[in-house]
Amino acid sequence: MARGRIRAKLRKSHLYSFCLFRSSGSGGQSIGGPGFSRTVYCNEPQVLNQKPYRSNSISTTKYNFFSFLPKALYEQFHRVANLYFLGCAIASLTPLSPFSPVSMIAPLVFVVGLSMAKEGLEDWRRFMQDREVNSRKVHVHNEEGGFGKKTWEDVRVGDVVKVEKDQFFPADLLQLSSNYEDGICYVETMNLDGETNLKAKKALEATLGLDEDDNFNNFKGIIKCEDPNPSLYTFVGNLEYEGKVYAIDPTQILLRDSKLRNTEFVYGVVIFTGHDSKVMQNSTRSPSKRSRVEKKMDYIIYVLFSVLLVISLISSFGFAVEIKYSMPVWWFMRPQDADEYYSPQKPVISGLSHMVTALMLYGYLIPISLYVSIEVVKVLQATFINQDIQMYDEDTGIPAQARTSNLNEELGQVDTILSDKTGTLTCNQMDFLKCSIAGIPYGVSPSEVELAAAEQMANDQEDQVCHTAIPELNEETGNYTYEAESPDEGSFLVAARELGFEFFQRTQSSVFVREKYTASGKPIEREYKILNVLEFTSKRKRMTVIVRDEEGQILLLCKGADSIIFDRLAKDGKLYLEDTTRHLNEYGEAGLRTLALAYRKLEESEYTAWNNEFQKAKTSIGADRDANLENAAEMMERDLFLVGATAVEDKLQKGVPQCIDKLAQAGLKLWVLTGDKMETAINIGFACSLLRQGMKQICITESGSEDKQEVKEDILKQITNGLEMIKQENDPHAAFALIIDGKTLAYALEDDMKLKFLGLAVECASVICCRVSPKQKALVTRLVKQGTGKTTLAIGDGANDVGMIQEADIGVGISGVEGMQAVMASDFSVSQFRFLERLLVVHGHWCYKRIAQMICYFFYKNIAFGLTLFYFEAFTGFSGQSVYDDWYMLLFNVVLTSLPVMSLGVFEQDVSSEVCLEFPAVYQQGPRNLFFDWYRILGWMGNGLLCSLIIFFINIIILYDQAFRAEGQTADLAVLGTTMFTCIVWSLNCQIALTMSHFTWIQHVTIWGSIAAWYIFLLIYGAVSPRISGNAYQILVEALAPAPIYWQTTLLATIACTLPYMAHIAYQRCFEPEDHHIIQEIKYYRKDVEDQHMWTRERSKARQKTKIGFTARVDAKIRQVRAKLNKKQ
Amino acid sequence: MDTNGATTSSAAGGGSTSKSSSKKHSRKPVISTFTIIGIIFIPLGLVSLSASEKVVEIVDRYDESCVPSDYSNDKLKFIQNPSINKSCVRTLTVPKLMKSPVFIYYQLDNYYQNHRRYVKSRSDKQLRSVSDEKSTKDCSPEDKTVDGPIVPCGLVAWSLFNDTYVFSVNSKTIEVNKHDIAWKSDKEHKFGSNVYPKNFQSGGLIGGAKLNSSVPLSKQEDLMVWMRTAALPTFRKLYGKIEQDLQANEKIQVVIQNNYNTYSFSGKKKLVLSTTSWIGGKNDFLGIAYIIVGGLCLFLAVCFILLYVIKPRPLGDPSYLSWNRSPAGHPN
């Protein structure tokens, strides 16, 4: 049940990041206390007093065999419309029903059944996935003393398992030993945190001996530790083994779903199983999002419900009046024998019960199949997105993926894109480019960013070439294949090897470096004993190792963010500070990622004293251990001597600047939210053309004052100044860029200031937020979403983008290098940023128009049909008699009118994908919501109203009282109903044919097939026994088909119904054509081929006026040059 | 931008693999569509109108005049008193030659045969086969008597129209053919040839006509016609056929047995004699509607031609693109 609680919490919290980075409990708690009650008897899973912990089988399904029906039904009837239809279906079993029960229940069962089948199928897939995981095999120590294979689901808490190379861990394990003597093993945690690099884990010294199968026969131990919790990076517990107590820390814990790498095998004891494991505790479903169009659709449904209510009231009132005044004189109705429903004595009761009848009768105003049709259409649209070959990344083999199909049309309405930088705009691939040692800069080649910048700015920088750097850098952790803890390190190692320092072996306690170019010319192997490693955390922003070299000298080597290192320098350690700072700034401006390096020599005694302190902190148990460790580290990391700095290049992804250019031309705004520092962010901004020379940068920074109020006032002043500046700017081409850092943003996002900040931000052409935390990313996203009321799209690749991806209207994950966290949380995933253009401009545009047209048409058709029932009511004394046979009504929504509108929803294209890409302005139809505004919706509804009036009155006037054929028979209810229904089928299907602008054989088959289906149905229905068909028996063959008036009425009603729309579109096309109409015409007359000059000109004009992007930059440059020329003249 | 494949031609994203064809986007098709509709509709309308004009129709309302003057204040009393002679003689003048067959209809006004209570009160099963004679659940209150189920049950059958007409010209009786006035399918499939009326009109309340219990339902064509419930409160039902020509200005004497009660709800009763043409009875609306719609289409076609002359827009003229039209560059 704990899981349920956590889930609930996760759901409540809108920001994923809040939960992910929650620390585990506060201080003062100890093992055995609340929250730390778990006891694991190692190798004795059968011990009796062992608490029954959860089994290791997992289930991520929403339903199980028994709960599927109730739960799925509940989900379905959560929708107001479905609930209404359920009520109707129940009421249809009473005599109040105007229809036979089957005609009410069958469509509902069909529609709900289809949705449930979809749910069930998805859940079945999850179930199969679970089963695959649960039935994976692992070696488990058994009572006979050997290791036997067991499925994952049978693994119990306390089992000793042996995991081999490249296998996943079946549960959260305490590592006992590995094939390495020192008990080290390497794990890949991609499934957990999305990081691809390997992490080293280390067994306790005490258990290192347990490295063979036979050693486990007598192994006993008791682990006491924390209760299951979702914190991936903490673990508190201890191991009682051979009478001693050992502290366990996260380095001994192997988490489920991570993978053993570069290690032959490990032995481990199972601590957390199944849903108790940390990864499962962390799992959360992304919040369900609904598109704007769908939200608006709800309003339309409400409008229709109101209409339904109004006409039901009218009808009930009419009925009550008729019952009171007319019924007594209608002797043929036997009023004296009537039950309550028709009794003239009780008109109020009659009226009230008629309300139920009327609500059911006019239920055709609410399109029952709307939801299910939209669902089906969206799934099909999503398959097109998934299968679009032009969004398939050949390098990685990953296609674009629509992970939810809910938001397809939202893609066509995006206004603002919020983008992560690293891994999204850039590759997260580092090349070691430059370094500064002792104040002397070394560097090899200009970076790609520089090249791009140089190209674009025509502003070459001098590059200093030097090959003789001898950095004293060998502190790096990692292994022989250089799979290091961060990409920076990997590139350092490669660079270092190029320079002659080969890092070739690492044990738990030492690193070995081969020095190739020594004074003697022989390679020398040096050993550095590692004494302590003070790990890197995002909070500390530094990492330190303490090593002892061969001469016995103890060295402390520290690397980290410049500001952190500079704070910890000794007075005499600032020798190179000035030079290094200058170089750091240079590197930063060139878009390079920088680290400062420093060292300190330690005296033996000083080290020993500190080490004792440190070990104490390390073995202390409880929640304050982390703080203790940090304090201990803090003590040592001071009085450093600055060595220099390194710089690695952050490579831009393929096609990013071009894509940004195109997106800007389509009128989209792009904000960059990055955890990087301001200089790097600005440089990437230049490389992506988000910034350019001549653009006025409004940098909002915090003053650094202690007083919070003062800081706030200062920031407010900066914002106001910025706004003032923009207001006073006269040059229409002037562009502004807003750059703000995380600390300042924290203030700017406070309630009293955020709207002002937003006001400034939307005025600026580009906005770059740097040094922002994951939480701030989400907050900024929320601010933009709620503040501007426009659709936002967040795109990112890492775990730190999850919050923003979930918060935005649409979250897009980059399924690239950094693992799956962002993708799992996203609605769409693409493998490269550049695919965003096609996703939005082509698929988004199409899906938006398709869904908008589809919904409009749905309402049109149901209004056109439903209202005819109402009109007929008035002619039957409001008695609730339907003019159509029950079977016609049954087929109406499900068979006769649903397929054409679905083919519209799936295949409609106003212009081809090439045109979408060539004319970015066409995309603006979406954000401006031209196709789903109330004007258009009401227009369609009006068209439906008109259509219903035309059909109804044409029919009742033509088939009034006279003979309708030469044989003299007059029209009865069945003849009128069938003729009217024929007119409806024809009119609605012809209407949709007029709406479509893209025809393939599928559209033709669905439209004309639907009409044919109606006649085929009539033939079949007329041929079955009159017990079923009643008065419709043989109706087509005998009565209608031989009567010319039947065909004439059909033709007349169809033309009369479609005439208003035809006139409308003809007028619109002629005199107020929309962009896609003109482009269609140009394409149709092949003018684009004949007059290529015009085509190119229009293409360039179709761009939105934009101040960012490469094109804008070129324009600015041209303006600059012209201005200069003018001056000269 | 090569990767975005601006040059690839297939509609891969749309997923349609088939050949796509664009609709014709031109004013010419618009004008020609309207013109063609107009050209087709107007003649069709004229033909229909002339067919309707050929139909000769005599309508005679007799409910008022067939009540003796002493009952004119209490018509209900008159109609409900079985002992009063209900005979009534009407004289109709044939305006134009009426070619055989001349159809005889009775027309009721303000009679809600389409009321839900009424429409449902029948049993199609029972009408069809003897074995189902007990299935009378929808027929209440005319479902059964103490002697067993009523065949045919229900309000529809119970309220069967019972006025009768006898026609004569110059004292010579004109034969009225009452065969083949019902649908063939009704006779052959819906009303059983071995189902005989039972317990019909034998209860306390007598509704309308009685049925000859020795004639099977499949031969009771009046019942069949009546049981095809009308869609609207004003309706005509076929009574019979006169299979001889009626000459212009001929005086037809009709002896009406005015039995059926429409007085309680002030419904009208009319006797209608009508010929038919291929569009059926007299129905000017169809022709007029066709002419109106056709005319409207021609009018629209002319409008569009005029608009085109006044304010021409060459097709595919880029100057109509939104970015060329709005002076600011972009309409926002």
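Residues numbered from 1 in each chain as written. Chains lettered and ligands numbered in written order. Predicted model: local features only at pLDDT ≥ 70, side-chain atom pairs only at ≥ 80, totals over all residues. Heavy atoms only, no water.

This is how the line gets drawn: UniProt positions are given in the numbering used here, feature names are shortened, and annotations may be inferred rather than shown by experiment.
Naming follows an unreviewed UniProt entry, where chain B appears as ALA-interacting subunit of Gossypium arboreum. Per UniProt, chain B carries the Sequence similarities (unreviewed entry) text "Belongs to the CDC50/LEM3 family."

As annotated in an unreviewed UniProt entry, chain A carries the name Phospholipid-transporting ATPase and is attributed to Gossypium arboreum. Listed in UniProt under the heading Sequence similarities (unreviewed entry), the comment for chain A reads: "Belongs to the cation transport ATPase (P-type) (TC 3.A.3) family. Type IV subfamily." Here is the UniProt Subcellular location (unreviewed entry) comment for chain A, exactly as written: "Membrane".

Side note on the nonpolar core
Operational definition: Remark: nonpolar core denotes a set of buried residues (Ala, Val, Leu, Ile, Met, Phe, Trp, Tyr, Cys) joined through side-chain atoms within 4.5 Å. Residue burial is assigned from relative accessible area. The probe radius is 1.4 Å, only protein chains are included, and a residue is buried under 20% of its type maximum, exposed over 50%, and partly exposed in between. For helices the rule is a DSSP run of H or I covering at least 4 residues; for strands it is a run of E covering at least 2, with both sets numbered from the N terminus onward.
Within the largest apolar cluster, 139 residues are counted, with the highest numbers of intra-cluster contacts made by A:Y884, A:Y888, A:F964, A:W1014 and B:F34. Of the residues forming this core, the biggest block, 18 residues, is contributed by helix α25 (residues 835–874) of chain A.

Here we look at the pairing of strand β4 (residues 160–164) of chain A
All names here are of chain A. What counts is decided by this rule: We treat two strands as partners when DSSP finds at least two bridges between them.
In terms of burial, β4 is largely enclosed, as four of its five residues are buried. Bridge analysis of strand β2 (residues 137–141) against β4 gives two bridges, and the strand direction is antiparallel. Counted as the bridge partner of H139 is K162 from β4. Pairing between β4 and strand β13 (residues 265–272): five bridges, direction antiparallel. Each bridged residue has a counterpart across the sheet, and for E164 the counterpart in β13 is F265.

Some points on helix α17 (residues 656–665) of chain A
Residue and element names in this part refer to chain A. Buried residues dominate α17, accounting for eight of its 10 residues. Within the sequence span of α17, burial applies to V656, P657, C659, I660, D661, L663, A664 and Q665. Positioned one or two residues after α17, G667 has a phi angle of 90°, which is positive.

Regarding a negative patch on the surface
Rule in force here: Patches here: salt-bridge-free residues with over 30% relative accessible area, like charges joined within 9 Å, nonpolar side chains (Val, Leu, Ile, Met, Phe, Trp, Tyr) joined within 5 Å. Only the protein chains shown count as cover for residues, with accessible areas throughout obtained via the Shrake-Rupley method and a probe of 1.4 Å. Salt bridges are defined as contacts in which a side-chain nitrogen from Lys or Arg sits within 4 Å of a carboxyl oxygen from Asp or Glu. When charges are counted, neither His nor the chain ends are considered; positive counts come from Lys and Arg and negative counts from Asp and Glu. Every charge is mapped onto a representative atom, which is NZ of Lys, CZ of Arg, CG of Asp or CD of Glu.
On the surface, A:E181, A:D211, A:E212 and A:D214 cluster together to form a negatively charged patch. Judged by relative accessible area, A:D214 falls into the exposed class, the value being 55%.

Brief notes about the domain arrangement of chain A
Residue and element names in this part refer to chain A. Convention followed: For the domains described, the bounds stem from an automatic or database domain assignment. By definition, residues are in contact when any of their heavy atoms lie within 4.5 Å. In this description, buried area is defined as the sum, over both parts, of the accessible area (probe of 1.4 Å) that is lost when the two are combined. Here a polar contact means two N or O atoms within 3.5 Å. Within protein one must be a hydrogen donor candidate and the other an acceptor candidate, and residues neighboring in sequence count only if both atoms are side-chain atoms. The residue classification treats Ala, Val, Leu, Ile, Met, Phe, Trp, Tyr, Cys and Pro as nonpolar and Asp, Glu, Lys and Arg as charged. All others, Gly included, are polar.
For chain A, the assigned domains are domain 1 (57–135), domain 2 (155–282), domain 3 (286–366), domain 4 (397–425 + 653–832), domain 5 (430–650) and domain 6 (849–1085). Centre-to-centre separation of domain 3 and domain 4, based on C-alpha positions: 52 Å. Across the contact, eight residues belong to domain 3 and 17 residues belong to domain 4. Across the interface of domain 3 and domain 4, roughly 930 Å² is buried in total on both sides, 39% from carbon and sulfur atoms. The interface formed by domain 3 and domain 4 contains two salt bridges. Across the pair E410 and R292 runs a salt bridge, and its minimum N-O distance is 3.5 Å. Our enumeration of links across domain 3 and domain 4 arrives at six residue pairs in polar contact (both at pLDDT 80 or more). Residues that form the side of domain 3 that touches domain 4 fall into these classes: two nonpolar, two polar and four charged.

Quick look at the pattern of salt bridges
All names here are of chain A. Following the criterion strictly, the structure yields 53 salt bridges over all chains and no others. Of the charged contacts, one joins E606 and R600 as a salt bridge, the two residues approaching to 2.5 Å between their closest N and O atoms. A network of salt bridges, in which partner residues are shared, links R290, E294, D298, K378 and E409.

Quick look at the packing of aromatic side chains
Spelled out, the test is: When two rings of Phe, Tyr or Trp (its six-membered ring) have centres within 6.5 Å they constitute a pair, described as stacked for plane angles under 30 degrees, edge-to-face for angles over 60, and tilted for the intermediate range. Both a distance and an angle decide whether a charge sits over a ring: NZ of Lys or CZ of Arg must be within 6 Å of the ring centre and within 35 degrees of the ring normal.
In total, this model carries 71 aromatic pairs over all chains according to the counting rule given. When the centroid spacing of 6.3 Å and the interplanar angle of 55° are considered together, the rings of A:F870 and A:Y871 count as tilted. No difference in accessibility class separates A:F870 from A:Y871, as the two residues are buried. Between the NZ or CZ atom of A:R38 and the centre of the ring of A:Y53, over which it lies, the distance is 3.9 Å. Directly above the ring of B:W158 sits A:R334, whose terminal nitrogen or CZ lies 4.6 Å from the centroid.

Things to note about the sheet that holds strand β6 (residues 184–188) of chain A
Residue and element names in this part refer to chain A. Let me state the cut-off plainly: For every element, the axis is a line fit to its C-alpha atoms; helices are fit only across the contacting stretch, and the angle between N-to-C directions ranges from 0 to 180 degrees.
With respect to topology, three strands assemble into an open sheet ordered β7-β6-β12, the strand pairing being antiparallel. Only two strands of the sheet have a single neighbouring strand rather than two, namely β7 (198–202) and β12 (259–261). Looking at each pair of strands side by side, their axes are set apart by 45° on average, direction ignored. Here five bridges tie β6 to β7, and the two strands are oriented antiparallel to one another. Bridge assignment links Y186 to a residue of β7, and that residue is A200.

Details of the domain arrangement of chain B
In terms of domain boundaries, chain B breaks down into domain 1 (27–55 + 281–309) and domain 2 (59–275). One C-alpha centre belongs to domain 1 of chain B, the other to domain 2 of chain B, and the line joining them spans 41 Å.

A closer look at a nonpolar patch on the surface
Residues and elements named next belong to chain A. On the surface, a nonpolar cluster with roughly 630 Å² of combined accessible area is contributed by V80, Y299, Y302, V303, V307, W934 and L938. Listing elements by their share of the nonpolar patch, those giving two or more residues are α8 (292–326) and α29 (934–958). Looking at the nonpolar patch element by element, the count peaks at four residues for α8. Checked against the element boundaries, V303 lands in helix α8. Accessibility expressed as a relative area gives 31% for V303, which makes it partly exposed.

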